[in-house]
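# Overview (structure and organization)
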Amino acid sequence: MKAQTLGVLLVTATSLLSAGLAAAQDATSGHAGGHAGHAAEGKSATASASTTAYRTINDRMHKAMAVTLTGNADVDFMRGMIPHHQGAIEMAKVALQYGSDARVRALANEIIAAQDQEISLMNEWLAANAARYEATPDADKSAEVKAAFEAVNHRMHGAMAVDFSGDADQDFMRGMIPHHQGAIDMAKVALAYGSDPQVLTLAKQVIAAQEQEIAQMNAWLENN
């Protein structure tokens, strides 16, 4: 009887240990859910050169956009949009390098040209105006402005965590939609809280151009 009891205990212990190891392995590989699950799924799904490039660009852009907010909507919009635009340019270059669809390539070239020009404008504006605006903060609106930009960035970064397919054209269009939406949302914060005429004009241009491009991208995705 003692030998039988000992055998049962050993079998039970072995089963529990195996279950525990399996659960730990699932959690490590992302089966526990959350961002870890998405990351593991994305990395195992594809290993293409375009996927690696898109992931690298997204990580770099998200880090670069973690600027120290001043609470001045004009300054924070211009500073945040520079790395945001740079991310779009780099993504477009990946699409040109690895993609093949003529309409995707045309849009990528348009994005590079337009956003290069806007980056130059934003850098010039910051050099001429940032110090002046930072010297006269609006304490009543500062917290609201920071919270609004932080919310937009958080939402955009989450939305851009797409599962890449390895198709450079598809992944560019799918990734650029939340990227463009982030720019639109940032521009709306600038319009709500900003005051500089040049910034307000640029914000309106960003909204109009990127809403139109989102429509183009959605139409392309529906047919491809």
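Relevant structure appears above.
The paragraphs below set out a description of the structure included in this document. Since the structure is predicted, the reported quantities are computational estimates derived from the model, not experimental observations. (Residues numbered from 1 in each chain as written. Predicted model: local features only at pLDDT ≥ 70, side-chain atom pairs only at ≥ 80, totals over all residues. Heavy atoms only, no water.)

Attention now goes to the overall build of the protein chain. The secondary structure content of the protein chain amounts to eight helices and zero strands. In the protein chain, the order of α-helices and β-strands from amino to carboxyl end is α-α-α-α-α-α-α-α. Each of the 224 residues in the protein chain was classed as buried or not, and the buried ones make up 42%. Looking at the protein chain alone, contacts between residues at least 24 apart form 77% of all its contacts between residues at least 6 apart. Entry remark: accessible area of the protein chain is about 11900 Å², with carbon and sulfur atoms responsible for 57%. (Helix = DSSP H or I, 4+ residues; strand = E, 2+ residues; numbered from the N terminus. Buried < 20%, exposed > 50% of the residue type's maximum accessible area, 1.4 Å probe, protein only. Contact = heavy atoms within 4.5 Å. Areas by Shrake-Rupley, 256 points an atom, 1.4 Å probe, with all protein chains shown as cover.)

What follows concerns the packing of aromatic side chains. The final tally for this structure, using the stated rule, is two aromatic pairs. Residues Y54 and F164 carry aromatic rings whose centres are separated by 5.7 Å and whose planes lie at 10° to one another, so their mutual orientation is stacked. Of this pair, Y54 sits in helix α3 (residues 49-64) while F164 sits in the loop between α6 (139-159) and α7 (168-193), and the two are 110 residues apart along the sequence. Neither residue differs from the other here; Y54 and F164 are each classed as buried. When the ring centre of Y133 is taken as reference, the NZ or CZ atom of R132 above it lies at 4.6 Å. (Phe/Tyr/Trp six-rings, centres within 6.5 Å; stacked < 30°, edge-to-face > 60°. Lys NZ or Arg CZ within 6 Å of the ring centre and 35° of its normal.)

Between helix α4 (residues 73-98) and α6, the least distance of the axes is 10 Å, while the angle of their chain directions is 20°. By the angle class used here, α4 and α6 are roughly parallel. Judged by the sense of rotation from one axis to the other, the crossing of α4 with α6 is right-handed. Residues A73, D76, F77 and H84 of α4 lie in contact with α6, whose contacting residues are V145, F149 and M156. (Axes fitted to C-alpha atoms, helices over the stretch in contact; angles between N-to-C directions. Parallel < 35°, antiparallel > 145°, perpendicular 65-115°, else oblique. Left-handed = near helix turned anticlockwise from the far one by under 90°.)

Mapped onto the fold, D74 is located in helix α4. The buried charged residue D74 lacks any salt bridge partner; its closest oppositely charged side chain belongs to R132, at an N-O distance of 8.1 Å. Of the polar contacts made by the side chain of D74, one reaches the backbone nitrogen of S195; its length is 3.1 Å. Engagement of the side chain of D74 in a polar contact is seen with the backbone nitrogen of D196, the distance being 3.3 Å. With residues near it in sequence (within four places) discarded, D74 still touches W125, Y133, G194, S195, D196 and V199. (Lys, Arg positive; Asp, Glu negative; His and termini not counted. Salt bridge = Lys/Arg side-chain N within 4 Å of Asp/Glu carboxyl O. Polar contact = N/O pair within 3.5 Å; in protein donor to acceptor, adjacent residues only side chain to side chain.)

A separate point is the pattern of salt bridges. For the coordinates displayed, the defined rule picks out five salt bridges. Where R60 meets E90, a salt bridge forms, and the shortest distance between an N and an O atom there is 2.6 Å. You can see R60 sitting in helix α3 and its partner E90 sitting in helix α4, a full 30 residues away along the chain. Between D101 and R103 there is a salt bridge, with its nearest N and O atoms 3.8 Å apart.

The subject of this paragraph is the layout of surface pockets. There is about 210 Å³ of room inside the second largest pocket. Along the wall of the second largest pocket there are 16 residues; nearest its centre are G71, N72, A73, D138 and Y193. Put simply, the parts of the chain that give the lining of the second largest pocket at least two residues each are α4, α5 (102-135) and α6. With three residues, the single largest contributor to the lining of the second largest pocket is α6. Tallied by class, the residues present in the lining of the second largest pocket amount to five nonpolar, seven polar and four charged. (1 Å grid on protein atoms, 1.4 Å probe; cavity = no way out; pocket = protein on both sides within 12 Å on 5 of 7 lines; lining within 4 Å. Points joined across faces, edges and corners; volume = space filled by probe spheres on them. Nonpolar A, V, L, I, M, F, W, Y, C, P; charged D, E, K, R; others polar.)

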